[in-house]
Amino acid sequence: MKTIEVDEELYRYIASHTQHIGESASDILRRMLKFTAGQTAPAAPAQNAASGAAKEAQPAVVGSRPQDRVRAMRELMLSDEYAEQKRAVNRFMLILSTLYRLDTAAFAEATASLQGRTRVYFAGDEHTLLQNGTHTKPKHVPGTPYWVITNTNTGRKCSMVEHIMLSMQFPQELTEKVCGTI
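Residue numbers restart at each chain and count upward from 1, following the sequence in its written direction. In keeping with the model being predicted, local features are shown solely for residues with a pLDDT of at least 70 and side-chain atom pairs are shown and tallied solely at 80 or more, while totals for entire chains, interfaces and linings include all residues. To obtain the side-chain values, all non-hydrogen atoms of the structure were used and water was disregarded.

(A) Focus on the packing of aromatic side chains. Within 6.5 Å between ring centres, the rings of Phe, Tyr and Trp (the latter by its six-membered ring) count as paired, and their orientation is classed by plane angle as stacked under 30 degrees, edge-to-face over 60, tilted in between. Under the definition given, this model contains 4 aromatic pairs. Their ring planes at 90° and their centres at 6.1 Å tell us that Phe107 and Phe122 sit as a pair that is edge-to-face. On the criterion of sequence distance, the pair formed by Phe107 in helix H7 (residues 104-112) and Phe122 in strand E1 (residues 122-123) is long-range, its members being 15 residues apart. The buried label goes to any residue with under 20% of its type's maximum accessible area, the exposed label to any with over 50%, and the partly exposed label to all in between, with areas taken from a 1.4 Å probe on protein chains only. Judged by relative accessible area, which is 0%, Phe107 ranks as buried. Summarising the aromatic geometry, the rings of Phe107 and Tyr146 are spaced 5.2 Å apart at their centres and angled 70° between planes, so their arrangement reads as edge-to-face. Taken together, the positions of Phe107 in helix H7 and Tyr146 in the loop between strand E2 (138-140) and strand E3 (147-149) put the pair 39 residues apart, joining distant regions of the chain. An aromatic cluster of three or more residues is present, and its members are Tyr100, Phe107, Phe122 and Tyr146. Only DSSP runs of H or I covering at least 4 residues are called helices, and only runs of E covering at least 2 are called strands; the numbering of each starts at the N terminus.

Quick look at the structure:
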């Protein structure tokens, strides 16, 4: 087995794609790259090297088919990691991370239109959230470039998740189940 070094940001990104406890970084990367044992890596054309680096900097959209996204959300609800969360805010953060990972563009669109009467709920930095409300308790959504306010009641957290999931075109039934677990 070889050892490679990755920066902290890339490590967090890879770790955010863990599907079960004890899954190795190699297993995660194989799954993400759809690479199986014994498969040879395709040679990268020299002229595409620069554009390839730009593509790699963007998070991959996991489960682009609707049934894959539904399955991923159901798996999250059944996961040990989710079950171990004792606080609503921690379950809320896991849900947001998963939704972002499933479709970054749809997540961005859904959160852009989501705000309260006097508060901004999502932003790209903590400072923006602090400017738009007192006692917002902003937290970074793991594995994403987003910050979210967390000083809201569970009902408001459910409303935010419901808005995002419906905007991302998840089935109403699944959206209600997910919100019911927060």
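(B) Region of interest: the environment of Leu99. Here Leu99 lies in helix H6 (residues 88-102). You can call Leu99 buried: its relative accessible area is 0%. Spatially, the C-alpha atoms of Leu99 and Ile164 are 8.3 Å apart, while their sequence positions differ by 65 residues.

Purely spatial values, then, with no claim about function.
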